Amino acid sequence: NELHLPRTLVNPAIPMTYAEKKLLGIQLTYSRVKPDFFWPRERVAIEYQGGYHGEGETFLRDCDKDNFYASRGITVLKITKQNWEGALRLVQGLLFKRRGWKTKNFTQKLPPLFSFV
């Protein structure tokens, strides 16, 4: 791919145990979380934030998911339609760093990789 990113998993299910939910005080009714993109080896995930993620119950669910990710040592980057290009550069740098690779020159224009852009 043009960004030279490691292969990603799209919407993978990451199981969450009852004990984890209880320990973290998580109110989620489901037993797994599904980040939009996930690199398990590097422990990096992307969550796309649509229009309702900053409101009410959706915001509370996102907070619980963030706490779960943190408890597993997973770095979650939040991407919106407005910040996707800069966020993807951050993802690229983070993945390269976690793999011990030398970073590429980030000055190139990024292609529209995702359907939500």
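Within each chain, residue numbers correspond to sequence positions counted from 1 in written order. A pLDDT threshold of at least 70 governs which residues receive local features in this predicted model, and a stricter bar of 80 or more applies before side-chain atom pairs are shown or counted, although totals over entire chains, interfaces and linings include all residues. Hydrogens and waters are ignored; side-chain quantities use all the structure's heavy atoms.

Draft legend 1. Highlighting the packing of aromatic side chains. Centre distance within 6.5 Å is the pairing criterion for rings of Phe, Tyr and Trp, where only the six-membered ring of Trp is used; planes under 30 degrees apart are then read as stacked, over 60 as edge-to-face, and the remainder as tilted. Here the structure, examined in full by the defined rule, presents 1 aromatic pair. Judged by centre distance (6.1 Å) and plane angle (50°), the ring pair of F68 and Y69 falls under tilted. The rule is simple: take the accessible area with a 1.4 Å probe, protein chains only, and divide by the maximum for that residue type; under 20% is buried, over 50% is exposed, in between is partly exposed. F68 sits in the buried class, given a relative accessible area of 0%.

Draft legend 2. Spotlight on the pattern of salt bridges. Whenever Lys or Arg places a side-chain nitrogen within 4 Å of a carboxyl oxygen from Asp or Glu, that contact is recorded as a salt bridge. The full count for this structure, using the stated rule, is 4 salt bridges. The shortest N-O distance in the salt bridge between E20 and R72 comes to 2.8 Å. With E20 in helix α1 (residues 18–24) and R72 in the loop between α2 (56–71) and β6 (75–79), this residue pair connects regions lying 52 residues apart in the sequence. Exposure remark for E20: the relative accessible area of 18% places this residue in the buried category. For R72, a relative accessible area of 27% gives the class partly exposed. A salt bridge links K78 to D66, with the shortest nitrogen-to-oxygen separation between them at 3.1 Å. A residue pair is termed long-range when its members are at least 10 positions apart, and K78 in strand β6 and D66 in helix α2 qualify at 12 residues. Helix and strand assignments follow DSSP, with helices taken as H or I runs no shorter than four residues and strands as E runs no shorter than two, numbered in order from the N terminus.

Draft legend 3. Molecular detail of the confidence of the model for the chain. Values of pLDDT, the confidence the predictor places in each residue, fall between 0 and 100. For the chain, per-residue confidence averages 78 on the pLDDT scale, and 79% of positions sit at 70 or higher. By mean pLDDT, the top-scoring element of the chain is strand β4 (residues 37–39) (92), and the lowest-scoring one is helix α3 (residues 84–99) (80). Across residues 106–117, where pLDDT falls below 50, the model places 25 contacts with residues more than four positions away in sequence or in other chains. Note on contacts: a residue pair qualifies if any of its non-hydrogen atoms lie within 4.5 Å across the two residues.

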